[in-house]
Amino acid sequence: MNGATHASSGAVKEDRLWQRHADMAKLGGTPKGGVNRQALSPEDAAARNLLASWAKARGFSVSTDAIGNLFVRREGTDAHADPVMSGSHMDSQPTGGRFDGMYGVLAAFEALEALEDAKAKTKRPVIAVAWTNEEGSRFQPGAMGSAVFAQRYELDEMLQQKDWKGVVLKEALAETLKAAPAPMRTGLPGFALAGYVEAHIEQGPRLENEKKTIGVVTAIQGSRRYIVTVDGEEAHAGTTPRAARKDAYAAATRIASAMYEATTDKDDTLRFTIGRVEVSPGSPNTVPGKAVFTIDMRHPDNDVLAAHEKKLYDIVKSKAAPCPASIERVTNVPPTNFDTGVIDLVRDAANNLKLTNMDMPSGAGHDAMHIATLCPAGMIFVPCERGISHNEIENATPSDLAAGTRVLVEVLEKLANR
Ligand code: GLV
Ligand code: MN
Ligand code: MN
């Protein structure tokens, strides 16, 4: 229906969607108004259970796969048709915001409710999904649940991953799902999909700066993560002359500062972050015997990432002496170009709803980058205040969140009927 608001998108309830965000924000809520709901924590379990309780109250079915991805399903009229799916993640950064990921899950759930309220019949089932461990701040690598679903990462390997304290993912998952709404299924995750659309806050300032409500997402830049390990030798901080030291942290800082230098580009496109540094034994008067740090590097062009990866490896070799050092790549996700058909559907829906919009690539990673290898996929961005994200003060307006959800409903309904 060109130029008209479709009944189902008109059934999106801004207040209901906002209240659901407020309810979820209590789970892992922090004093500064953000959330600490890291993957497979008790707070993550609570969020899963709350979503499942809402789903059951609406008569939707709930299931969980072997990596803990949570699916809420509204049936279509054709029991044999492949479903369409929408969603994101409910886990957060340690000092995360209320909207990163959670918005995509709640927008998808609101879409199911709006379809239900509008008594809309779709040929295909529509599934709202909460993917396991998108953030990758507790367990590496991030976007794990969607990558296992897409068979990009091995289930068994992921189940063996350990968090920074040594907790094995398999154990944390079992604990999380103990009180879960649906038993964990055995067998490999993954099933055929007819389409996937993920709503998310932009996490950058462009929409706000350009006064647009909807970002029509065309692509996601590539990203790689690494762990650098530097071995030194513990020694007395007061007595050991500099020449006799093997100071792991001193070597790590030489490596890090050379890396910052090597990854600074003129047009500020390459993103390079050292986000976690661990120095041990962590005693003020012992020369550090070990330093470990993480690297997150991103760029839209895979060749640029490959060229800079070589520089990082060379720097570890040349700057560590007298300490042995190594660098290990833990993630390599190539850039994603979304399906042009889905991109057009998102733009058309925004225009039909008379919402200002612009095409844009994503600087952040999202589960959609993995699901895009399985089926036609795309994303919808809405603005967030001053572009701030991965921060407790992350904020968005109820009306923008609802606007993105109305676009989502229109796109899902189109995909679910073709
Ligand atoms: C997701 O949070 C990312 O790091 O891009
Ligand atoms: Mn996210
Ligand atoms: Mn995030």
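Scroll up to find the structure.
Below or above, wherever it landed, is the structure these notes cover. None of the values given here were measured: they were computed from a predicted structure.

**A look at the nonpolar core**
Part 1 of the reasoning: Among the nonpolar cores identified, the biggest contains 101 residues, and Met24, Leu51, Met85, Met90, Tyr196 and Val407 are the most heavily contacted of them.
Part 2 of the reasoning: With eleven residues, helix H4 (residues 102-117) is the single largest residue contributor to this core.
Part 3 of the reasoning: Not counting the four nearest positions on each side in its chain, Met85 is found in contact with Phe71, Ile127, Val129, Trp131, Phe149, Phe191, Leu193, Gly195, Tyr196, Val197 and Leu412.
Part 4 of the reasoning: Counting 24 residues, the second largest nonpolar core, distinct from the first, contains Tyr226, Leu270, Leu305 and Ala320.

**Here we look at the site of ligand 1**
Part 1 of the reasoning: Near ligand 1 the following residues occur: Glu134, Glu135, Arg298, Ala364, Gly365 and His390.
Part 2 of the reasoning: Here Glu135 contributes a side-chain N or O atom positioned 2.8 Å from an oxygen atom of ligand 1.
Part 3 of the reasoning: Here ligand 1 has 190 Å² of accessible area as a free molecule, and 91% of this is covered by the chains.
Part 4 of the reasoning: Split into classes, the residues belonging to the shell around ligand 1 amount to one nonpolar, two polar and three charged.

**A closer look at the coordination of the manganese ion (ligand 2)**
Part 1 of the reasoning: Coordination of the manganese ion (ligand 2) by the protein involves His89 (NE2), Asp100 (OD) and His200 (NE2), with metal-donor separations of 2.0 to 2.3 Å.
Part 2 of the reasoning: Donor residues for the manganese ion (ligand 2), ordered by position in the chain, follow H-x10-D-x99-H.
Part 3 of the reasoning: In this structure, the manganese ion (ligand 2) lies 3.6 Å from the manganese ion (ligand 3), and both are coordinated by Asp100. Taken together, the residues span a long stretch of sequence, with His89 in strand S3 (residues 84-89) and His200 in strand S5 (residues 195-201) at a distance of 111 residues.
Part 4 of the reasoning: Classification of His89 by relative accessible area gives buried; the value is 0%.
Part 5 of the reasoning: Taking the relative accessible area as the measure of exposure, His200 reaches 1% and is therefore buried.

**As for the packing of aromatic side chains**
Part 1 of the reasoning: A full pass over the atoms with the stated rule returns eleven aromatic pairs.
Part 2 of the reasoning: Measuring from centroid to centroid gives 5.9 Å for Trp18 and Phe99, while their planes differ by 25°, and the two rings are stacked. With a gap of 81 residues between them, Trp18 in helix H2 (residues 14-25) and Phe99 in the loop between S3 and H4 connect regions that are remote in the sequence.
Part 3 of the reasoning: Relative to Trp131, the ring of Phe71 lies with its centre 6.3 Å away and its plane at 90°, an arrangement referred to as edge-to-face. Of this pair, Phe71 sits in strand S2 (residues 70-74) while Trp131 sits in strand S4 (residues 126-131), placing them 60 residues apart in sequence.
Part 4 of the reasoning: Phe71 sits in the buried class, given a relative accessible area of 4%.

**Things to note about the coordination of the manganese ion (ligand 3)**
Part 1 of the reasoning: Listed as protein donors to the manganese ion (ligand 3) are Asp100 (OD), Glu135 (OE), Glu135 (OE) and His390 (NE2); their distances from the metal cover 2.1 to 2.4 Å.
Part 2 of the reasoning: If you list the donors of the manganese ion (ligand 3) from N- to C-terminus, the spacing comes out as D-x34-E-x254-H.
Part 3 of the reasoning: Classification of Glu135 by relative accessible area gives buried; the value is 4%.

**A few points about a nonpolar patch on the surface**
Part 1 of the reasoning: On the surface, Tyr249, Val277 and Val279 cluster together to form a nonpolar patch covering roughly 240 Å² of accessible area.
Part 2 of the reasoning: Here Val277 is to be found in strand S10 (residues 277-280).

**Thoughts on the environment of Leu70**
Part 1 of the reasoning: Inspection of the secondary structure assignment puts Leu70 in strand S2.
Part 2 of the reasoning: Overall, Leu70 belongs to the buried group, its relative accessible area being 2%.
Part 3 of the reasoning: Spatially, the C-alpha atom of Leu70 lies 5.1 Å from that of Ala130, the residues being 60 residues apart in sequence.
Part 4 of the reasoning: Here Leu70 is in contact with Arg48, Leu51, Val62, Ser63, Thr64, Met90, Ala128, Val129, Ala130 and Pro181, once residues within four sequence places are set aside.

**Section: the environment of His308**
Part 1 of the reasoning: Mapped onto the fold, His308 is located in helix H10 (residues 302-319).
Part 2 of the reasoning: In sequence terms His308 and Thr263 are 45 residues apart; their C-alpha atoms lie 7.0 Å from each other.
Part 3 of the reasoning: Once residues lying within four places of it in the same chain are set aside, the contact partners of His308 are Ala262, Thr263, Leu270 and Met297.
Part 4 of the reasoning: A distance of 2.9 Å separates a polar atom in the side chain of His308 from the backbone oxygen of Val304.

**Section: the pairing of strand S6 (residues 214-220)**
Part 1 of the reasoning: The buried fraction of S6 is high, at six of seven residues.
Part 2 of the reasoning: Relative to strand S16 (residues 377-382), S6 runs antiparallel, the two being bridged by three bridges. Each bridged residue has a counterpart across the sheet, and for Val216 the counterpart in S16 is Ile380.

**Some words on the packing of H2 against helix H3 (residues 42-57)**
Part 1 of the reasoning: Packing of H2 against H3 brings their axes to within 10 Å, and their N-to-C directions diverge by 145°. Of the two elements, H2 crosses H3, and the hand of that crossing is right-handed. For the pair H2 and H3, contact is made by Arg20, Asp23 and Met24 and by Ala47, Leu50, Leu51 and Trp54, respectively.
Part 2 of the reasoning: For the contact of H2 with H3, the class distribution of residues is five nonpolar, no polar and two charged.

**Overview of empty space enclosed by the protein**
Part 1 of the reasoning: Taken as a whole and assessed by the stated rule, the structure comprises one cavity of 30 Å³ or more.
Part 2 of the reasoning: Within this model, the largest cavity holds a volume of roughly 30 Å³.
Part 3 of the reasoning: For the largest cavity, the full set of lining residues is Asp44, Arg48, Met90, Asp91, Ala130 and Trp131.
Part 4 of the reasoning: Mapped onto the lining of the largest cavity, the elements with two or more residues apiece are H3 and S4.
Part 5 of the reasoning: Its residues assigned to classes, the lining of the largest cavity shows three nonpolar, no polar and three charged.

**Observations regarding unusual backbone geometry**
Among all residues except glycine, the phi angle is most often negative; among peptide bonds, the trans geometry is most common.
Part 1 of the reasoning: A cis geometry characterises the amide bond from Gln140 onward to Pro141, with omega recorded as -10°.
Part 2 of the reasoning: Tracing the backbone through its elements, the reader meets Pro141 in the loop between S4 and helix H5 (144-149).
Part 3 of the reasoning: With a phi close to 50°, Asn133 is a non-glycine residue in the positive phi region.
Part 4 of the reasoning: Note on placement: Asn133 falls in the loop between S4 and H5.
Part 5 of the reasoning: Phi angles above zero are rare outside glycine, and Arg386 is one such case at about 55°.
Part 6 of the reasoning: Looking at the secondary structure, you find Arg386 in the loop between S16 and helix H13 (398-417).

Each value, and the rule that gives it
- Residues numbered from 1 in each chain as written.
- Chains lettered and ligands numbered in written order.
- Predicted model: local features only at pLDDT ≥ 70, side-chain atom pairs only at ≥ 80, totals over all residues.
- Heavy atoms only, no water.
- Core = buried A, V, L, I, M, F, W, Y, C linked by side-chain atoms within 4.5 Å.
- Buried < 20%, exposed > 50% of the residue type's maximum accessible area, 1.4 Å probe, protein only.
- Helix = DSSP H or I, 4+ residues; strand = E, 2+ residues; numbered from the N terminus.
- Contact = heavy atoms within 4.5 Å.
- Near = heavy atom within 4 Å.
- Polar contact = N/O pair within 3.5 Å; in protein donor to acceptor, adjacent residues only side chain to side chain.
- Areas by Shrake-Rupley, 256 points an atom, 1.4 Å probe, with all protein chains shown as cover.
- Nonpolar A, V, L, I, M, F, W, Y, C, P; charged D, E, K, R; others polar.
- Donors = N, O, S within 2.8 Å, 3.2 Å for Na, K, Ca; no water.
- Phe/Tyr/Trp six-rings, centres within 6.5 Å; stacked < 30°, edge-to-face > 60°.
- Patch = residues over 30% accessible without salt bridge, like charges linked within 9 Å, V, L, I, M, F, W, Y side chains within 5 Å.
- Salt bridge = Lys/Arg side-chain N within 4 Å of Asp/Glu carboxyl O.
- Pairing = 2+ DSSP bridges.
- Axes fitted to C-alpha atoms, helices over the stretch in contact; angles between N-to-C directions.
- Left-handed = near helix turned anticlockwise from the far one by under 90°.
- 1 Å grid on protein atoms, 1.4 Å probe; cavity = no way out; pocket = protein on both sides within 12 Å on 5 of 7 lines; lining within 4 Å.
- Points joined across faces, edges and corners; volume = space filled by probe spheres on them.

Interpretation note: all reported values are geometric properties and have no functional meaning in isolation.
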